[in-house]
Amino acid sequence: MNVLTRTGGDTRLDGRHGSVEVTDLAPGQALPAGAADTETGVFLLSGTLSDLDPGAALFLPVGEPGDLVAGPEGARVLLVRARGAQRPPAVARRPPEVDHVSSAVLAAGGGFTDMRVRWLVCRADAGSTRLVVATSTFAPDGHHELHRHPNAEEFFMVLDGGGEHLTETGAIRLGPGDVVLVAAGEWHGYRTDPEVTTTTVYGYLGAASLDEAGYEVRA
């Protein structure tokens with residue numbers, strides 16, 4: 001497991017299937033392009049980036065430059081890049097699923113309390129082939145028990161609030177800006193602090209849906 005505590009400047013975590021990077025763009029600076037076999041999920045953390053508002057996400061398929069430029073105040077951007085991607089076929093796009101506890105596999109698997117999910121980039125709504133970007137909100141005392149995804153890595157970044165990232169060997173404190181990259185098959189979870197609502201951005205590298213990533217709650 002890789003953990004970054006963000007204190008300023010650019011940060012990056014590299015995994016088997018890709019990378020997760022927080023980068024600051026100066027006013028007028030263009031978003032850096034990914035490699036030829038890489039697809040990208042863009043999540044705007046703050047500032048302005050072309051037509052994106054903070055909290056919005058955009059999917060860039062293989063070979064698509066994006067042409068995104070930071071506004072007058074600059075931009076702080078989360079870049080999720082997955083290697084080994086293919087140019088996706090055209091799909092019928094649908095609006096992100098808001099306040100929904102995910103696909104049938106998550107609902108059936110259980111293991112969470114007071115957690116809501118919004119899917120921003122995945123195969124169904126964006127046509128991605130190797131990555132997922134989503135947001136989650138944990139109500140006070142909300143938690144996600146130890147679980148794992150056998151087929152994909154997971155990144156997890158706290159936007160607001162705070163709590164504990166759960167592992168087999170103990171808990172790790174996470175606050176706003178902290179990022180975790182969890183290896184495929186590694187047990188992990190999250191528990192928000194009492195009386196604190198936590199919002200996060202998270203997702204998967206190496207799979208384009210939760211069903212493809214797999215989901216198993218530790219007994």
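For the structure given in this document, a descriptive report is provided here. (Residues numbered from 1 in each chain as written. Predicted model: local features only at pLDDT ≥ 70, side-chain atom pairs only at ≥ 80, totals over all residues. Heavy atoms only, no water.)

**What about the overall build of the protein?**
- When helices and strands are counted, the protein shows three helices and 16 strands.
- Counting every position in the protein, which comprises 219 residues, the buried fraction comes to 49%.
- Of the contacts made within the protein by residues no fewer than 6 positions apart, 72% connect residues no fewer than 24 positions apart.
- Of the roughly 9,600 Å² that the protein leaves accessible, carbon and sulfur atoms contribute 50%. (Helix = DSSP H or I, 4+ residues; strand = E, 2+ residues; numbered from the N terminus. Buried < 20%, exposed > 50% of the residue type's maximum accessible area, 1.4 Å probe, protein only. Contact = heavy atoms within 4.5 Å. Areas by Shrake-Rupley, 256 points an atom, 1.4 Å probe, with all protein chains shown as cover.)

**Remarks on the sheet that holds strand E5 (residues 57–60)**
- With respect to topology, five strands assemble into an open sheet ordered E2-E3-E6-E4-E5, the strand pairing being antiparallel. Either end of the sheet is taken by a strand with one partner, and the two such strands are strand E2 (11–14) and E5. In this sheet, adjacent strand axes meet at a mean angle of 20 degrees when their direction is disregarded.
- Bridging between strand E4 (residues 39–49) and E5 involves four bridges; their strand directions are antiparallel. Across the sheet, Gly 41 pairs through a bridge with Phe 59, a residue of E5. (Pairing = 2+ DSSP bridges. Axes fitted to C-alpha atoms, helices over the stretch in contact; angles between N-to-C directions.)

**A few points about empty space enclosed by the protein**
- With the rule as written, the count across this model stands at one cavity of 30 Å³ or more.
- A volume near 160 Å³ is recorded for the largest cavity.
- Among the elements of the structure, strand E8 (112–121), strand E9 (131–148), strand E10 (153–160), strand E14 (188–192) and strand E15 (198–205) are those that each provide at least two residues to the lining of the largest cavity.
- Broken down by element, the residue count for the lining of the largest cavity peaks at four residues, all from E9.
- Here the residues of the lining of the largest cavity sort into eleven nonpolar, seven polar and one charged. (1 Å grid on protein atoms, 1.4 Å probe; cavity = no way out; pocket = protein on both sides within 12 Å on 5 of 7 lines; lining within 4 Å. Points joined across faces, edges and corners; volume = space filled by probe spheres on them. Nonpolar A, V, L, I, M, F, W, Y, C, P; charged D, E, K, R; others polar.)

**A word on the pattern of salt bridges**
- Scanning the model with the defined rule gives eight salt bridges in all.
- Residue Glu 21 pairs with Arg 12 through a salt bridge whose shortest N-O separation is 4.0 Å.
- Note that Asp 193 and Arg 173 form a salt bridge whose closest N and O atoms lie 2.9 Å from each other. With Asp 193 in the loop between E14 and E15 and Arg 173 in strand E12 (residues 170–174), this residue pair connects regions lying 20 residues apart in the sequence.
- In this structure Asp 193 comes out as buried when scored by relative accessible area, which is 19%.
- Among the ionic contacts, a cluster of salt bridges with common partners joins Arg 12, Asp 14 and Glu 21. (Salt bridge = Lys/Arg side-chain N within 4 Å of Asp/Glu carboxyl O.)

**Considering the nonpolar core**
- Grouped together as the largest cluster of nonpolar side chains are 20 residues, with contacts concentrated most on Val 117, Trp 119, Phe 156, Tyr 202 and Tyr 204.
- When residues of this core are traced back to their parent elements, those giving at least two are E8, E9, E10, strand E13 (179–182), E15 and helix H3 (210–213).
- Leu 78, Ala 82, Met 157 and Val 201 belong to the second-largest nonpolar core, a separate cluster that totals 19 residues. (Core = buried A, V, L, I, M, F, W, Y, C linked by side-chain atoms within 4.5 Å.)

**Some thoughts on the environment of Leu 166**
- Turning to its location among the elements, Leu 166 is positioned in strand E11 (residues 163–167).
- When the C-alpha atoms of Leu 166 and Gly 189 are compared, they prove to be 4.6 Å apart, with 23 residues separating the residues in sequence.
- Those residues in contact with Leu 166 that sit more than four places away from it in its chain are His 144, Leu 146, Ala 171, Trp 187, His 188, Gly 189, Tyr 190 and Arg 191.

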